[in-house]
Amino acid sequence: MGTLEQRVQRLQDITDIRRLKIEYAQQCDDNYNPDGLTVLFTDDAVWEGTGLGRYEGKQAIHGFWTDASGRFTFALHYMVGDAIDIAPSGVEATGHWYLWEPATIDGRAMFVAATYDDVYKKVDGRWLFHRVQAHSHFLAPYESGWVKVPFAELD
Amino acid sequence: MATLEERTQRLEDIEAVRRVLLRLGESCDGPYDADTFVSLMTKDAVMDLMEMGVYRGRQAIHDFIAGLREHISFTLHYWCGFLIDIAPSGTEATATWYGMETPTIEGRAVLGGLTHDARLRKVEGRWMLTHLGQKLHFMTPYDKGWVKERTIPPIGS
Amino acid sequence: MTTLEAQIQWLEDLQAIERLKLDYVQALDDGLCGARPFPTDALMSLFTDDAVWESNIHGRFEGHEAIAELFTGWAERLSFARHFTIGPSVDIAASGAEASGHWYSWETLTVEGRAIYLAATYDDDFRKVDGRWLIQHVRSNIIFRTPYESGWVKEPFPQS
């Protein structure tokens with residue numbers, strides 16, 4: 001169960017991680033700001049997404065966001081359903097999220113639906129992303145919906 | 001005036017209730033996992049889905065949820081806006097929340113907008129649902145929208 | 001107040017502010033879905049006396065009377081509304097009596113018989129008055145308000 005301090009700290013950690021994910025969402029929505037995003041990751045972080053590739057380390061991650069900002073000219077990342085678990089160590093945590101994302105990709109309106117499995121690390125008192133796994137469920141053109149076209153053909 | 005421990009417990013209970021409800025929603029992301037769904041409910045739980053029927057007890061609830069698998073091949077439950085109240089007893093709770101869902105029903109993309117409510121009881125340190133309810137605002141074919149066709153006919157009809 | 005107590009207070013304040021926003025959203029949605037009488041009193045009881053509501057589309061409204069009139073005006077044009085709110089990111093001032101919060105909102109609306117998707121972000125200010133958090137300032141940034149048939153690329157705001 002832990003001491004009262006530990007219990008309160010755990011609740012604080014959950015709140016801080018929630019905030020970190022929303023910060024991530026906001027940076028994505030700021031035209032995938034590569035600087036604003038990369039600073040949220042540990043040095044040895046890994047980002048991977050279905051159909052989007054795997055990026056290891058800050059430089060690769062920065063490069064990925066820079067590319068994304070050219071193609072996704074608009075996005076709104078609605079991050080919901082967060083299930084965050086703080087490890088007994090108090091410096092590692094996992095999170096599972098749902099993403100609902102209206103986006104404009106290559107000039108076309110799309111609905112993106114994904115779920116995330118994240119691993120977080122607390123470095124010098126601050127929570128950062130250590131691993132992000134984005135599972136794409138659909139990336140459907142607005143006019144078609146996810147049954148007719150579950151994954152749009154992108155150039 | 002509540003002690004620090006009581007105040008902490010209440011905050012922990014709110015988070016714990018939220019997690020149980022999220023797990024419930026996740027168990028319904030296709031394919032419907034009826035076993036997990038009912039494991040989060042007390043034996044005498046009631047699920048009131050209004051026009052979709054009222055189901056009493058784990059077996060009836062299990063059968064209904066398992067039956068949905070035939071008709072719904074995929075869903076994502078976007079549950080948010082949780083309003084959770086822990087009773088002064090610390091062993092009863094109520095919750096309301098908003099749900100958006102993206103089911104594929106009989107091979108058709110459908111968009112659902114609902115609000116949900118639940119009552120929970122803390123049983124041996126674990127929060128479990130005694131009652132689950134919902135209000136269907138729309139369950140519309142994706143190509144129609146909630147004005148042209150607010151709800152599809154009940155599943156299985 | 002000990003550090004531990006201050007931490008617990010902060011977490012409780014965060015909870016209370018989340019609830020406040022949800023109470024606002026739920027009452028507004030119920031009213032816009034046809035609840036009559038329109039829940040003006042319930043809504044206004046969530047605001048400070050010097051409340052301000054503003055958006056990039058609607059303009060700025062100050063005080064209970066103007067804000068209530070804004071909401072009841074909506075109720076004449078909308079027959080359905082659901083605000084799916086995500087967030088918040090909340091900052092509570094050192095005083096413990098002022099706060100600000102940022103939310104995302106995804107809204108499914110029926111405006112004069114048309115299905116509309118509305119996407120917005122909110123930046124709100126709150127004040128604690130006699131131990132109770134109230135909304136002091138709502139700032140809504142509407143990103144698109146698109147007819148269901150069109151989508152935000154073709155028609156980010158209704159043409160007609």
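Residues numbered from 1 in each chain as written. Chains lettered and ligands numbered in written order. Predicted model: local features only at pLDDT ≥ 70, side-chain atom pairs only at ≥ 80, totals over all residues.

Novice: Would you explain helix 1 (residues 3-32) of chain C in this entry?
Specialist: Because each turn of an α-helix spans 3.6 residues, side chains separated by three or four positions end up pointing in the same direction. The terminal C-alpha atoms of helix 1 of chain C, which comprises 30 residues, lie 43 Å apart, in line with the 44 Å expected from a rise of 1.5 Å per residue. Looking one or two residues beyond helix 1 of chain C, the residue adopting positive phi is Gly34(C), at roughly 110 degrees. (Helix = DSSP H or I, 4+ residues; strand = E, 2+ residues; numbered from the N terminus. Expected span 1.5 Å × (residues − 1).)

Novice: Help me understand the pairing of strand 2 (residues 53-56) of chain A in this model?
Specialist: All names here are of chain A. The pairing of strand 1 (residues 41-49) with strand 2 spans four bridges and is antiparallel. Within strand 2, the position partnered with Val46 by the bridge is Glu56. Between strand 1 and strand 2, which pair antiparallel in sequence order, lie three residues; one of them, Gly51, sits at a positive phi of approximately 75 degrees. (Pairing = 2+ DSSP bridges.)

Novice: What's the story with the interface of chain B and chain A in this structure? I'm lost.
Specialist: Many structure descriptions define interface size as the accessible area lost when the parts assemble. Listed as interface residues are 20 residues of chain B and, on the opposing side, 15 residues of chain A. Looking at the side of chain B that touches chain A, the elements with two or more residues in it are helix 1 (4-27), strand 4 (77-86) and strand 7 (108-123) of chain B. The element best represented in the side of chain B that touches chain A is helix 1 of chain B, accounting for nine residues. Residue composition of the side of chain B that touches chain A, grouped by class: nine nonpolar, five polar and six charged. (Contact = placed C-beta atoms within 7 Å. Nonpolar A, V, L, I, M, F, W, Y, C, P; charged D, E, K, R; others polar.)

Novice: Looking at this structure, I do not really get the nonpolar core. What am I missing?
Specialist: Generally speaking, soluble globular proteins have nonpolar side chains that are buried together. Counting residues in hydrophobic clusters, the biggest one holds 127 residues, and the most contacted among them are Tyr78(A), Leu99(A), Met110(A), Leu21(B) and Ala95(B). With ten residues, helix 1 of chain C is the largest single contributor of residues to this core. (Core = buried A, V, L, I, M, F, W, Y, C linked by C-beta atoms within 7 Å. Buried ≥ 20, exposed ≤ 12 C-beta atoms within 10 Å, placed from the backbone.)

Novice: Would you mind going over the packing of helix 1 of chain C against helix 3 (residues 63-77) of chain C with me for this structure?
Specialist: Residues and elements named next belong to chain C. At a minimum axis distance of 9 Å, the contact between helix 1 and helix 3 shows a crossing angle of 40 degrees. The pairing of helix 1 with helix 3 is recorded here as oblique in orientation. On the side of helix 1, the interface is formed by Leu28, Gly31 and Leu32, while helix 3 contributes Phe71, Trp74 and Ala75. The residue inventory of the contact of helix 1 with helix 3, partitioned by class, reads five nonpolar, one polar and no charged. (Axes fitted to C-alpha atoms, helices over the stretch in contact; angles between N-to-C directions. Parallel < 35°, antiparallel > 145°, perpendicular 65-115°, else oblique.)

Novice: Hey, could you run me through the sheet that holds strand 3 (residues 78-92) of chain C in this one?
Specialist: Through backbone hydrogen bonds, the strands of a sheet pair up, either in parallel or in antiparallel fashion. All names here are of chain C. Reading across from one edge, 2-1-6-5-4-3 is the order of the six strands in this open sheet, with mixed pairing throughout. Each edge of the sheet is formed by a strand with only one pairing partner; in this case those strands are strand 2 (59-62) and strand 3. Averaged over all pairs of adjacent strands, the angle between their axes in this sheet comes to 15 degrees, without regard to strand direction. Note: strand 4 (residues 98-111) against strand 5 (residues 114-129), 14 bridges, orientation antiparallel. Note that in strand 5 the partner of Ser105 across the bridge is Ala120. Contacts from helix 1 reach strand 3, strand 4, strand 5 and strand 6 (132-147) within the one sheet, and its direction differs from that of strand 3 by about 170 degrees.

Novice: What is the right way to look at the interface of chain B and chain C in this model?
Specialist: Across the contact, 15 residues belong to chain B and 20 residues belong to chain C. Mapped onto the side of chain B that touches chain C, the elements with two or more residues apiece are helix 1, strand 4 and strand 5 (92-101) of chain B. Per-element accounting of the side of chain B that touches chain C gives the leading share, five residues, to helix 1 of chain B. Among the residues making up the side of chain B that touches chain C, the classes are represented as nine nonpolar, five polar and one charged.

Novice: Mind showing me how you'd approach the confidence of the model for chain A here?
Specialist: Detailed reading of the predicted coordinates is not advisable wherever pLDDT is low. Of all residues in chain A, 99% have pLDDT values of 70 or greater, and the mean over the chain is 94. Strand 3 (residues 72-75) of chain A is the least confidently modelled element of chain A, averaging 91 in pLDDT, while strand 1 of chain A averages 97, the highest of any element. (pLDDT = per-residue confidence, 0-100.)

Novice: How do you make sense of unusual backbone geometry when you look at a structure like this?
Specialist: It is generally the case that most residues other than glycine have a negative phi and that most peptide bonds are trans. The omega angle of the peptide bond from Arg36(C) to Pro37(C) is 5 degrees, so this bond is cis rather than trans. Mapped onto the secondary structure, Pro37(C) falls in the loop between helix 1 and helix 2 (40-44). Within the chain, Met50(B) stands out as a residue other than glycine whose phi angle is a positive 55 degrees. In this structure, Glu106(B) is a non-glycine residue whose phi angle is positive, near 50 degrees. Its location among the elements puts Glu106(B) in the loop between strand 6 (104-105) and strand 7.

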